[in-house]
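Notes for the structure review
Below, each chain spelled out in residue letters.
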Amino acid sequence: MVSPVDIGRLQQALTIEVEHSFSNLQGRQYLFADFMHLSLAQQLNWEESDRRKAKTLAQEFKQYDSLSIARRQFIVAETRRLLYEVRRKEISAESPPPKQKKPKTQPLVTTKTKFLKPETLLSEVEGLNGSQISKLKLLDIETVGDMLRYFPRDHIDYARQVAIADLNDGDTVTVIGTIRRFNCFTSPKNENLTIVEILLRDRSGQIKLNRFWMGKRYSNRGWQEQQKRLYPVGSTVAASGMVKRSKYGLTLENYDLEILDHTGDRIESNTIGRVVPVYPLTEGVSPELVRGTIIKCLPAVGKLADPIPQKLKDDYDLLGLPEAIAQIHYPDDTEKLNAAIKRLSFDKYFYRRLVALYRRQQQKAIQFIPRSQLIEKLEEILPFQLTNAQKRAIAEIREDLQRPNPMNRLVQGDVGSGKTIVAVYALLSAIESGYQTAFMAPTEVLAEQHYRKLLEWFTLLHLPVELLTGSTKTAKRRQILSQLETGELPLLIGTHALIQDTVNFNQLGLAVIDEQHRFGRDQRSQLLQKGEDPHVLIMTATPIPRTLYLTNSEIEVSIIDELPPGRKPIHTTLLKAGQRKDAYDLIRREVAQGRQAYIVLPLVEESEKMENIRAAVQEREHLQASIFPNFKVGLLHGQMSSAEKDEAISQFRRLETQILVATTVVEVGVDIPNASVMLIEHSDRFGLAQLHQLRGRVGRGAAQSFCLLMSASKSETAIERLKVLEQSQDGFFIAERDFELRGKGKDEGKEQSGHAGFSIDDRLSDEAARQEIYTIARAAAERIMKKDPTLELFPALKTEFQHHYQRLQGGAIFT
């Protein structure tokens, strides 16, 4: 047995395993995986959430030898992240920070607005003018209740008052000192840029603060003189902000200032010296307006009704709704803030699950026959063996098709993992049960690829299948629609053309939707309305964080986490502009050996706004004439007609072109096993999920494949994002890292544009916390529906449920 866990030893073992390409290296006493399993399976003196993660990872290491390289990479990365976090907590506990003074602050809520109710219009709130009300309406805020439910995406702790000498990079603090120098002037290089420079000093030291104002109004001499009068040299100020290191030393970024009569004076500001909420904003709406209005509306929080029964709140340790909303805006402490996040996240999951359960009990089920002779025939002709992950997904689908409620299942798997054959099993079950099926894809290229693949199998099974797209000729379209209405056609594959009014199925029993995120909610709903509560199977290769699956109440998930045998990992390399010659040399070598290459660019033609981006049309001409004159260079982009796209892909498939310059139209649906190189120009301008999809265009054959990420970006964040693709080919790992990096948006500072991407559960600390809240919310919803499916016993809950049902009804197969 290994000795008690030593984090340093574990970290060293992980590093050595990475250096030896995840080969399960033999140590002096144990294999790497056995050592990790035994160490993490011990009774560790860690926090509960960390122990749970350790036990989960221990089980993964127990199966290490049977896992793919991509899965091993993911497990090692997750373990390193866990050990780093545990060690950070240990260090923090060993040397607790000195207790900080809190500046004296005014109470936030005055008594003037205590007459307010949640339904009160903002126009009736004292101190708000018409312009401010119009701006808040941009955020869909019209009442006091709307304002109270506009939750902050983050909090910044300015409550710590710190001496200048004790500042540390990354801290959010308040400093109180004396202004020793104040300059406000127009930049000599830009007449529209005004610069404010402040030298602030306390007894321990001094700090330089800079602020930049863009616009002619700030270049006005009168405005600049006014700033100097507001902050005269010798005055005492409180300054709050995030400590950042600049070329001049430490400074406060995006600071707020307030003049004090003396060092011990009371601070009046709503931000300085406080735990400050940070709200999602939109252009024209300032953080000061949102915070100020929240403070005016907070007295109404006590008049909010709490629909959740007290028994549930007691059983699941939930705050009351009024207290949760008060604490989410201006929390008493971290513990109260976390309790508020827990309650409000619970509400989100609880009502979603309640709506999903209600909808399910309203739907009639189509039950398919348990065993299909067509499937038995298919298995006889398949030239390959299914992976265990594919078999597991098929078993889950078959079980769904026997239940009393319609299937609503998502099959997620990396590019090339074999999702289509899984869908075929479901299609054949429906067809043999006497129903028709639809297979909808977002692009003609992808729809045609599915058609070619399924036609091959269905022909051997003596089953007709047709393709319907915007390019289908009128006569052929008429024939297809006729066969569909009579029931002669069991499977129709197509694009958005499937949801047209003229498309009428005789008896639609199953709808398969590929790359579902590319369809709008209404488009998915329109397809389902072609039948009476048909079963739904959704497929996607786009990496989606596991946490998003966990918290979706309307869908079951099958994960295909294995690639078919024989697939080799794709070598992914991040290249700088100066390494372009290396990329071209690799393409030449591969093409000379009979293989092919993609070169992907973000644009079709040059534009004034993005002059430095190589456009596909011009780049193809340049590559053909100057770089690859001995090879044939093709072109594929979204502005080409369907016939032109088909011809470009066909030429590439027939090896008539060896190099294909393309835009992201090749992201899905282009399957050329002979292609072994993917060069992505300006890769920093693509999302990680999109890059992962593009990379999946290669590595589909037996040859070693390469993905080259070309980027001239100097942004550390952009480089960090791209390095994620170097680290792993596991779509889940990539999605989680993308979620972490993009997460809540701009966490530094106090502004953010756009509200649509934020949800209160983004504030949960980690995946374990998210799963915990989702689990109790799901259990609570099922308890309620089991006790009273009509909700008549819970009138307040029924009223709230009806609001959520109206909002969610008919939408979001997957949100």
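Up top is the structure.
Residues numbered from 1 in each chain as written. Predicted model: local features only at pLDDT ≥ 70, side-chain atom pairs only at ≥ 80, totals over all residues. Heavy atoms only, no water.

**As for the environment of L722**
Structurally, L722 can be placed in helix α24 (residues 716–727). Of the residues examined, L722 reaches a relative accessible area of 0% and is grouped as buried. Each C-alpha atom, one on L722 and one on M710, is 9.7 Å from the other, the two residues being 12 residues apart in sequence. With residues up to four places along the chain from it excluded, the contact list for L722 reads L574, S683, D684, L691, L709 and S711. (Helix = DSSP H or I, 4+ residues; strand = E, 2+ residues; numbered from the N terminus. Buried < 20%, exposed > 50% of the residue type's maximum accessible area, 1.4 Å probe, protein only. Contact = heavy atoms within 4.5 Å.)

**Details of the sheet that holds strand β16 (residues 596–600)**
The strand order across the open sheet formed by 6 strands is β15-β20-β19-β16-β18-β17, and the pairing between neighbours is parallel. The two strands at the open ends of the sheet, each matched to only one other strand, are β15 (571–575) and β17 (633–636). Taking each pair of neighbouring strands and ignoring which way they run, the sheet shows an average axis angle of 20°. Summarising the sheet, β16 and strand β19 (residues 675–680) pair through 5 bridges and their orientation is parallel. Bridge pairing links Y598 to M678 in β19. Taken strand by strand, helix α20 (residues 580–592) contacts β15, β16, β18 (659–662), β19 and β20 (706–710), and its axis lies near 160° from that of β19. Along the sheet, helix α23 (residues 688–695) makes contact with β15, β16, β19 and β20, crossing β19 at roughly 150°. (Pairing = 2+ DSSP bridges. Axes fitted to C-alpha atoms, helices over the stretch in contact; angles between N-to-C directions.)

**Quick look at empty space enclosed by the protein**
A full pass over the atoms with the stated rule returns 4 cavities of 30 Å³ or more. When its volume is computed, the second largest cavity comes out at roughly 50 Å³. If you go around the second largest cavity, the residues you meet are I369, P370, R371, S372, I375, R398, L401, Q402 and S429. Here the residues of the lining of the second largest cavity sort into 4 nonpolar, 3 polar and 2 charged. (1 Å grid on protein atoms, 1.4 Å probe; cavity = no way out; pocket = protein on both sides within 12 Å on 5 of 7 lines; lining within 4 Å. Points joined across faces, edges and corners; volume = space filled by probe spheres on them. Nonpolar A, V, L, I, M, F, W, Y, C, P; charged D, E, K, R; others polar.)

**So, the packing of helix α13 (residues 373–381) against helix α15 (residues 419–432)**
At a minimum axis separation of 8 Å, α13 and α15 run at an interaxial angle of 145°. Here α13 contributes Q373, L374, I375, L378 and E379 to the contact with α15, which in turn contributes I421, V424, Y425, L428, S429, I431 and E432. Looking at the contact of α13 with α15 residue by residue, the classes come out as 8 nonpolar, 2 polar and 2 charged.

**Concerning the pattern of salt bridges**
In total, this model carries 28 salt bridges according to the counting rule given. Residues R52 and E48 are paired through a salt bridge, measuring 3.9 Å at the closest nitrogen-oxygen approach. In this pair, R52 and E48 are both assigned in helix α3 (residues 48–62), 4 residues apart and thus about one turn of the helix distant. When its relative accessible area of 43% is taken as the criterion, E48 is described as partly exposed. Residues participating in the shared-partner salt-bridge network are E396, E399, D400, R403 and R409. (Salt bridge = Lys/Arg side-chain N within 4 Å of Asp/Glu carboxyl O.)

**Examining the packing of aromatic side chains**
Applying the stated criterion across every chain yields a total of 16 aromatic pairs. Their ring planes at 35° and their centres at 6.5 Å tell us that Y316 and F346 sit as a pair that is tilted. Taken together, the positions of Y316 in the loop between α10 (310–315) and α11 (321–329) and F346 in helix α12 (residues 334–362) put the pair 30 residues apart, joining distant regions of the chain. Measuring from centroid to centroid gives 5.5 Å for Y584 and F628, while their planes differ by 80°, and the two rings are edge-to-face. Of the two residues, Y584 sits in helix α20 while F628 sits in the loop between α21 (616–627) and β17, which places them 44 residues apart along the sequence. (Phe/Tyr/Trp six-rings, centres within 6.5 Å; stacked < 30°, edge-to-face > 60°.)

**Looking at the environment of D400**
Looking at the element boundaries, D400 is found in helix α14 (residues 388–400). Taking relative accessible area as the criterion, D400 reaches 4% and is therefore assigned buried. Distance in space between the C-alpha atoms of D400 and Q367 is 9.1 Å, their sequence separation being 33 residues. Non-local contacts of D400, meaning those with residues more than four positions away in its chain, are made with N405, M407, R409 and H535. Here R403 takes part through its side chain, which lies 3.1 Å from a polar atom of the side chain of D400. (Polar contact = N/O pair within 3.5 Å; in protein donor to acceptor, adjacent residues only side chain to side chain.)

**What to know about the nonpolar core**
By size, the foremost hydrophobic cluster in this structure holds 61 residues, and its most contacted members are L148, V290, F346, F350, L354 and L797. Looking at this core, the elements with two or more residues in it are α6 (144–148), α9 (287–297), α11, α12, α26 (767–787) and α27 (795–808). It is α12 that provides the largest number of residues to this core, a total of 11 residues. Those residues in contact with L354 that lie beyond four places of it in its chain are A781, I784, M785, L791, L797 and F801. In terms of nonpolar packing, the next biggest core, distinct from the first, is built from 44 residues, V422, L428, I493 and L537 among them. (Core = buried A, V, L, I, M, F, W, Y, C linked by side-chain atoms within 4.5 Å.)

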